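# Fold and geometry: a report
Okay, here's what each chain looks like letter by letter:
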Amino acid sequence: MHFGYRVRDEISFYMIYNELNGLMDFDEAMDLEILQKILPRIHGSSISIKKILVELFKICSGNYEAKYDYEDMDVSDKMLKDMDNCVYPGSAEKIIYMVRRYEEDGFTSYWL
């Protein structure tokens, strides 16, 4: 997926201002940015969308070594079992929901 400079800059400035003002810890702020700026742009019916979501879940869960086969029709259930100790729990939960929508309908969107 490609994201423009504006998205990158908005995330960067959000994180800078968060740090300068001591609003929340880094992981909590990044979790909100993934939810607000990245996930809403991921949608579609291509298998590559599901693959992107599964890979993004690995980052959000903090478990980079996890073996999720994006071609499985129940990968969302396997991901749900790994929700303990997620680095970005809000984003991980939304990703699971989006993957489940893909598995059920063959299409996913942040807004469904």
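See the structure printed just above.
What this report covers is the structure whose coordinates are included nearby. (Residues numbered from 1 in each chain as written. Predicted model: local features only at pLDDT ≥ 70, side-chain atom pairs only at ≥ 80, totals over all residues. Heavy atoms only, no water.)

### Considering the packing of helix 1 (residues 5-21) against helix 2 (residues 26-38)
Stated formally: Orientation is described by lines fitted to C-alpha atoms, with helices fitted over the stretch in contact, and by angles between N-to-C directions that extend from 0 to 180 degrees. Numbering goes from the N terminus for both helices and strands, where a helix is a DSSP run of H or I of at least four residues and a strand is a run of E of at least two. Orientation categories follow fixed angle ranges, with anything under 35 degrees roughly parallel, anything over 145 roughly antiparallel, 65 to 115 roughly perpendicular, and all other angles oblique. If you view the pair so one helix is near and one far, a crossing is left-handed when the near helix is turned anticlockwise from the far one by less than a right angle, and right-handed when it is turned clockwise. Only heavy atoms matter for contacts: two residues are in contact if any of them lie within 4.5 Å across the pair. Each residue is assigned to one of three groups, with Ala, Val, Leu, Ile, Met, Phe, Trp, Tyr, Cys and Pro labelled nonpolar, Asp, Glu, Lys and Arg labelled charged, and all others, Gly among them, labelled polar.
The N-to-C vectors of helix 1 and helix 2 enclose an angle of 155 degrees; their axes lie 10 Å apart at closest approach. Classified by the angle their axes make, helix 1 and helix 2 are roughly antiparallel. Where helix 1 crosses over helix 2, the two elements pack in a sense that is right-handed. Judged by residue contacts, V7, E10, I11, Y14, M15 and N18 of helix 1 engage F26, A29, M30, L32, E33, K37 and I38 from helix 2. Partitioning the contact of helix 1 with helix 2 into residue classes produces 9 nonpolar, 1 polar and 3 charged.

### Remarks on unusual backbone geometry
Going by this rule: In this scheme, a residue with accessible area under 20% of its type's maximum is buried, one over 50% is exposed, and one in between is partly exposed, where area comes from a 1.4 Å probe on protein chains only.
In this model, N85 sits at a positive phi of 60 degrees, which is unusual for a non-glycine residue. One can find N85 in the loop between helix 4 (75-81) and helix 5 (89-105). The class of N85 is exposed, set by a relative accessible area of 74%.

### Describing the side chain of S76
The topology assignment puts S76 in helix 4. For S76, a relative accessible area of 1% translates into the label buried. Setting aside residues no more than four positions away along its own chain, S76 makes contact with I96, V99, R100 and E103.

### A look at the packing of aromatic side chains
The line we're drawing: Pairing of aromatic rings covers Phe, Tyr and Trp, the last through its six-membered ring, and needs centres within 6.5 Å; plane angles under 30 degrees mean stacked, over 60 mean edge-to-face, and all others mean tilted. Each ring is checked for a lysine NZ or an arginine CZ that lies within 6 Å of its centre and within 35 degrees of its normal; such an atom marks a charge sitting over the ring.
Scanning the entire structure with this criterion turns up 3 aromatic pairs. Taken together, a centroid distance of 5.7 Å and an interplanar angle of 75 degrees make the contact between F57 and Y68 edge-to-face. Separated by 11 residues along the polypeptide, F57 in helix 3 (residues 47-61) and Y68 in the loop between helix 3 and helix 4 bring together distant segments of the chain. Residue classification places F57 among the buried positions, given a relative accessible area of 0%. Judged by relative accessible area, which is 8%, Y68 ranks as buried. Ring plane angle 80 degrees and centroid distance 4.7 Å describe the contact between Y110 and W111, whose orientation is recorded as edge-to-face. Given the relative accessible area of 17%, Y110 is considered buried. Accessibility expressed as a relative area gives 66% for W111, which makes it exposed. For the cation-ring pair, K94 lies above Y110, with the distance from its terminal atom to the ring centre recorded as 4.6 Å.

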